[in-house]
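If you want the building blocks of each chain, they are given just below.
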Amino acid sequence: MAARVVSPSKKLLKSLCNGKFFSTRPLNTSSPSSSISINLTTEKQPPIDLHRPTNTASLDLHDVEKLFSSVTTTKLLRASANLQMAAMGPMVDFGMWVMNSKLMDIEGFKEIVLGFVKHTFYEHFCAGEDALATGDTVRRLHNGGAGLRAMLDYAVEYAGDNQSCDRNLEAFLRTVEIAKSLPPSSVSFVIVKISAICPLKLLERVSDLLRWQHKNPSFNLAWKMDTLPILSDISPTYHTLKEPEPLTLEEEHDLQLGHQRLLKICQNCLVSNVPLTIDAEHTSVQPAIDYLTYSSAIMYNKDDNILVYGTIQAYLKDAKERLLRAYQAADEMGVPVGIKLVRGAYMSSERKLASSLGFESPIHNSIQETHTCYNNCASFMLNKIANGPGALVLATHNTESGRIAVGQAHDLGIGKVNQKLEFAQLYGMSDALSFGLRNAGFQVSKYMPFGPVEIVMSYLLRRAEENRGLLSTSTLDRQLMRNELKRRLKGAIF
Ligand SMILES: Cc1cc2nc3c(=O)[nH]c(=O)nc-3n(C[C@H](O)[C@H](O)[C@H](O)COP(=O)(O)OP(=O)(O)OC[C@H]3O[C@@H](n4cnc5c(N)ncnc54)[C@H](O)[C@@H]3O)c2cc1C
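All of the points below concern the structure found in this document. (Residues numbered from 1 in each chain as written. Predicted model: local features only at pLDDT ≥ 70, side-chain atom pairs only at ≥ 80, totals over all residues.)

Examining unusual backbone geometry
Using the following cut-off: Helix and strand assignments come from DSSP, with helices taken as H or I runs of at least 4 residues and strands as E runs of at least 2, each series counted from the N terminus. To sort residues by exposure, count the other C-beta atoms lying within 10 Å of each residue's C-beta; 20 or more gives buried, 12 or fewer gives exposed, and values between give partly exposed, all with C-beta atoms placed from the backbone.
Non-glycine residue asparagine 273 carries a positive phi angle of around 60°. Unusually for a residue other than glycine, serine 430 sits at a positive phi of about 50°. For serine 430, the location among the structural elements is in the loop between strand E7 (421-426) and helix H15 (431-439). Note on serine 430: 25 C-beta atoms within 10 Å, which makes it buried.

Quick look at the packing of helix H8 (residues 200-215) against helix H10 (residues 286-300)
Going by this rule: Interaxial angles span 0 to 180 degrees and are taken between N-to-C directions of axes, which are lines fitted to C-alpha atoms, for helices over the stretch in contact. Roughly parallel covers angles under 35 degrees, roughly antiparallel covers those over 145, roughly perpendicular covers 65 to 115, and oblique covers all other angles. Contact between two residues is assigned whenever their backbone-derived C-beta positions fall within 7 Å. Amino acids outside the nonpolar list (Ala, Val, Leu, Ile, Met, Phe, Trp, Tyr, Cys, Pro) and the charged list (Asp, Glu, Lys, Arg) are all regarded as polar, and Gly is one of them.
Here H8 crosses H10 at 85°, and the two axes come no closer than 7 Å. In terms of orientation, H8 lies roughly perpendicular with respect to H10. Facing Leu203, Val206, Ser207, Leu210 and Arg211 of H8, the residues of H10 in contact are Gln286, Pro287, Ala288, Ile289 and Tyr291. Its residues placed into classes, the contact of H8 with H10 shows seven nonpolar, two polar and one charged.

Brief notes about the sheet that holds strand E4 (residues 308-313)
We apply this condition: At least two DSSP bridges between two strands are needed for those strands to be called paired.
The eight strands are arranged E1-E2-E3-E4-E5-E6-E7-E8 in a closed barrel whose pairing can be described as parallel. In this sheet, adjacent strand axes meet at a mean angle of 30° when their direction is disregarded. Here three bridges tie strand E1 (residues 149-154) to strand E2 (residues 187-192), and the two strands are oriented parallel to one another. For alanine 150, the partnering residue across the bridge sits in E2 and is valine 187.

Here is the structure:
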């Protein structure tokens, strides 16, 4: 949030308000796990009632003045303009077509397009190009009145070979350095994508072998280290229809290299006292990602300190069972688990792959089932962390999921003083929800991708493509921003 308040022209402010212009690291305890049972009731998501009576335990999205008190008018205007553009389907389609077209090879054209993207979407959704700019954004977000924390994500996508993996490793290690250099507790997590430090093809091979072993427990994997349960009996196995060849010596060596890269990041995070969250990706590689995540968690998560967090995607039909199995096994081993809970960002590609192979989609058949699964997984983890080991990041823009979790956390006595719960939204998305959760007394983070525009571009394109629904559901945010802009305009006139 910019520190200086710049007054926009009243005409511009008015047209925006009318919608004309654009339509400290979480810790856990080592006490015994709670025996509170899992609430598996199905919650229907009613329409959001902004006027619902509020108390200290509830999420108040009604008082826009309080919500946006730390945001300058200029920032509000820019944010609502960018969100409006991002929510326009044809505009996003056209942008993606241009970015993927041969036009980008034309001298000068690429620079113009990247310049436009940099001053609109990039500035809105990304923290900065380098350590300096990113640090400034994190400080503004944390100290500039907003009190939000950062999940730092060097936004690289997949790596194909060891050389790119090593390059990405250096970038992740620099990210840990950035986190260390910033004010304590302004950075909640460093984010890592396993497919950026271990070649994608190898992750697919390892996932195949893990799936095959799950179906045939006597199938021997000599290289396999201690881990937690990765798959459940309802996990999809259509990716692996016949017995996979064992890893070659070279593949085993590459897997070891990938694992060592992850351990190096873990070690640096440990020394820098900043936890690490590992993103979830496609189901074709997720078993290998969970395998590496859980084996590192077994090594690094100790007593009150949870260093390594994994991610569960609630849009998957097997999400709840996998979560329960992993939590239970970890509990028996005395390993505290950290979970980031998301709905999932690869829905269209997952559905396409399953249907191309002639199998049922691994994604819940309806969005309502995804909502229910998300809320049930959240409820399970909240019950566990309230009285036992574990920590939870509720990564969502869904207001109803936020509201349900706030109520339950309050009932269970989990609040600001309890460092085991963090809410998180993407930087540039659902600011109203972030501010509302912060006002309700919770720790809130923004997931902040950063890096040079050209590198972050594939991240932005993937987000735009996969999250068409998400971007168009920024309606609530835009509505709340317009309400606040109207209020400020009235204040300026009268
Ligand atoms: C901090 C943070 C970290 C994240 N990390 C990851 C990550 O590691 N891996 C990852 O995959 N994603 C990640 N995401 C993205 C996330 O998975 C979602 O894509 C995004 O947050 C939208 O979900 P929501 O909870 O905000 O819910 P909502 O705003 O309610 O969005 C729901 C969306 O879910 C989709 N959807 C899900 N299931 C169904 C279904 N059965 N039928 C139809 N539509 C469905 C729709 O597109 C809909 O727009 C992260 C998000 C955040 C905020």
